[in-house]
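Okay, here's what each chain looks like letter by letter:
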Number of protein chains: 2
Amino acid sequence: MSKKQLIMESALELFAKQGFEATSVQQITEHAGISKGAFYLSFKSKDELIIGLIDHFMLEFISDIDHVVKNHDNDKNLLNEFYKTAFHSFQKHSDFAKIFIKEQSQTVNEELISKMHHYDKLIDKIILGMLERLYGEEVIYTKYDLIYCVKGFMHTYSQLFLFFNVPLDLHLLSQSLAEKTSLLAKYAETTFITEELYKTLNETLNEKVTKAQILEIIEQKIEEIDEPTESESLVLLKEHIKEPNLSPAIVKGLLSNLKDHSRCKQVSYLLRNYLEL
Amino acid sequence: MSKKQLIMESALELFAKQGFEATSVQQITEHAGISKGAFYLSFKSKDELIIGLIDHFMLEFISDIDHVVKNHDNDKNLLNEFYKTAFHSFQKHSDFAKIFIKEQSQTVNEELISKMHHYDKLIDKIILGMLERLYGEEVIYTKYDLIYCVKGFMHTYSQLFLFFNVPLDLHLLSQSLAEKTSLLAKYAETTFITEELYKTLNETLNEKVTKAQILEIIEQKIEEIDEPTESESLVLLKEHIKEPNLSPAIVKGLLSNLKDHSRCKQVSYLLRNYLEL
DNA sequence: TATACTAATGACTGATTGGTCATTTGTCAA
DNA sequence: TTGACAAATGACCAATCAGTCATTAGTATA
């Protein structure tokens, strides 16, 4: 494990327990068994660390639910699978989920706030796509409102397994929320969040991932990954992004090499978005 | 205005903007135009201040919605009035609402956590009473689940006017949520939070379960369960709790016998908590 | 073994924290 | 005007913070 990963894991645990502000760099380095100086060899600052954590896990979460919505072929079960995937991800990375909920609107750091909004919008987009696919014209006026209901459900119910250590039947939970969502989609008529209001709320942020950002993420992944296929695919794609030199078919093939690798699928998602595929 | 009130108002503003941890006593006293020493004449510590704030506003909020539920005589409009009152209160005390959402699960302070749980339970009770009054037998199995839906709606939609400064039509919002709640109450069937799960959650929140309580729960389960493995495991664990006589490995094994049985996993959870495993 | 280079250390800095307390200021009645 | 007492002050404390950097340890090459 790289030092960077070691630090991130230690920090994750402490941030989840105490919150970001209340956790000192000293505590993190002691918990990781390294010196304070070593921390600053991996991260320029404490802020850079939390942003790294947010990026890492949010990308994984988003690529997970995006994958389900894009590739699940049984519409009847899609809602169910969506919730199951989301909650499974929360449970798997419960320390991160705690941090995410805690720092969601509590931070002072400007960059972090816009990061959060950015990811929130990506989630919105995925939920919206799902609702459109499932209900089409039926929800044309209510879909923006429904996004908030879905997120409301996810928030309240996720508290259950995040902050009370209760064993829960995620399958039943997903089924229950799928039923509720479906009921609202089919019968709710009084919409509060219209398309216009939704657009107004979100017009604040509209930034794409920059070339530099995506290159940095790929480089980080290359160091992290040992498997030759994935590693080589990443190197080739990195060069292609610096200066396009591969045919669409090759790019697509390389991306599919990454799609099913658990630690590469989020970068695969980012690349698909960046290359507009 | 008393010095105490002056300090509370200044702190409210700063906590809402920056969070509790990130706001220093110095900042508060400067903002209030008093000396640092004067702060400690009114409050024994910074923690006492935040607890005072939580108490003050939560009591007002809770008495507001309780009053609506208890005294509103037109059942047809009750849901609507409930949401309107809640959101009106959020809007009127938006600084406090921000603090409440931010610190809800982020704080380290033990007293504050139990305060929060206490008020959360009071809110639950009010919502539950409202649902029972409106739908009676109809929601006998779904009402605990519905509490979480109502709170989910309140949480997501309140973010809108708390963190985006957009003028919103609270009347329409309340109407929309009342319709949604009513739909779920009438048609939702797949309940996730059963009465038993709800009670389990709230028991663990409270002070620790006592030995007598846990023994009683186990005895009740033993009578309820027919399967020999689960039943025998319960009997052995009961003896172990009366007087510890089993090795950690055996205890762990017995608990895992219970974990996957749908009607035993709650008691398994309680035991794990009680035995601090 | 000698050299060159990177990785890692932890004592240190200056700033800030929550909280204290000797001192000053303000307000009374006598 | 004086004395008594409460209200208010802010310099001060030890602890802790994020971040730095001269120094050392470890490793690879010649």
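Below is a summary of the structure that appears in this document. Values in this document were obtained by computation on a predicted structure and should not be read as measured data.

Calculation criteria
- Residues numbered from 1 in each chain as written.
- Chains lettered and ligands numbered in written order.
- Predicted model: local features only at pLDDT ≥ 70, side-chain atom pairs only at ≥ 80, totals over all residues.
- Heavy atoms only, no water.
- Core = buried A, V, L, I, M, F, W, Y, C linked by side-chain atoms within 4.5 Å.
- Buried < 20%, exposed > 50% of the residue type's maximum accessible area, 1.4 Å probe, protein only.
- Helix = DSSP H or I, 4+ residues; strand = E, 2+ residues; numbered from the N terminus.
- Contact = heavy atoms within 4.5 Å.
- Disulfide = S-S within 2.5 Å.
- Phe/Tyr/Trp six-rings, centres within 6.5 Å; stacked < 30°, edge-to-face > 60°.
- Lys NZ or Arg CZ within 6 Å of the ring centre and 35° of its normal.
- Salt bridge = Lys/Arg side-chain N within 4 Å of Asp/Glu carboxyl O.

## Some details on the nonpolar core
Leu49(A), Phe87(A), Tyr157(A), Leu49(B), Phe87(B) and Tyr157(B) are the most contacted members of the largest nonpolar core, which totals 174 residues. Here the element with the most residues in this core is helix α4 (residues 46-71) of chain A; it accounts for 13 residues. Not counting chain neighbours up to four residues away, the residues in contact with Tyr157(B) comprise Asp145(A), Tyr148(A), Cys149(A), Phe192(A), Ile193(A), Phe87(B), Leu173(B), Leu177(B) and Lys180(B). Listed in part, the 16 residues of the second largest apolar core include Ile222(B), Val251(B), Leu255(B) and Val267(B).

## Re the state of the cysteines
Under the criterion given, the structure shown has zero disulfides over all chains. Distance from the sulfur of Cys149(A), which forms no disulfide, to the nearest cysteine sulfur (Cys149(B)) is 9.7 Å. The exposure class assigned to Cys149(B) is buried, which follows from its relative accessible area of 1%.

## Some words on the packing of aromatic side chains
Under the definition given, this model contains 28 aromatic pairs over all chains. Ring geometry for Phe87(B) and Phe161(B): centres 5.7 Å apart, planes at 80°, overall edge-to-face. In this pair, Phe87(B) sits in helix α5 (residues 75-92) while Phe161(B) sits in helix α8 (residues 143-163), placing the two residues 74 residues apart along the sequence. Given the relative accessible area of 8%, Phe161(B) is considered buried. Ring pairs connect the aromatic residues Phe61(A), Phe82(A), Tyr83(A), Phe87(A), Phe90(A) and Phe161(A), which therefore count as one cluster. The positively charged end of Lys4(B) is found above the aromatic ring belonging to Phe43(B), 5.4 Å away from the centroid.

## A look at the pattern of salt bridges
Counted according to the given criterion, the structure contains 21 salt bridges over all chains. One salt bridge connects Lys151(A) with Asp120(A), and the closest N-O pair in it is separated by 3.2 Å. Here the residue Lys151(A) occupies a position in helix α8 (residues 143-163), and Asp120(A) occupies one in helix α7 (residues 110-135), the gap between them amounting to 31 residues. The class of Lys151(A) is buried, set by a relative accessible area of 13%. Among the ionic pairs, Glu239(B) bridges to Lys242(B), the shortest N-O distance being 3.9 Å. Within this pair, Glu239(B) and its partner Lys242(B) are both found in helix α12 (residues 228-242), separated by three residues, close to a single helical turn. One continuous salt-bridge network, built from bridges that share partners, spans Asp120(A), Asp124(A) and Lys151(A).

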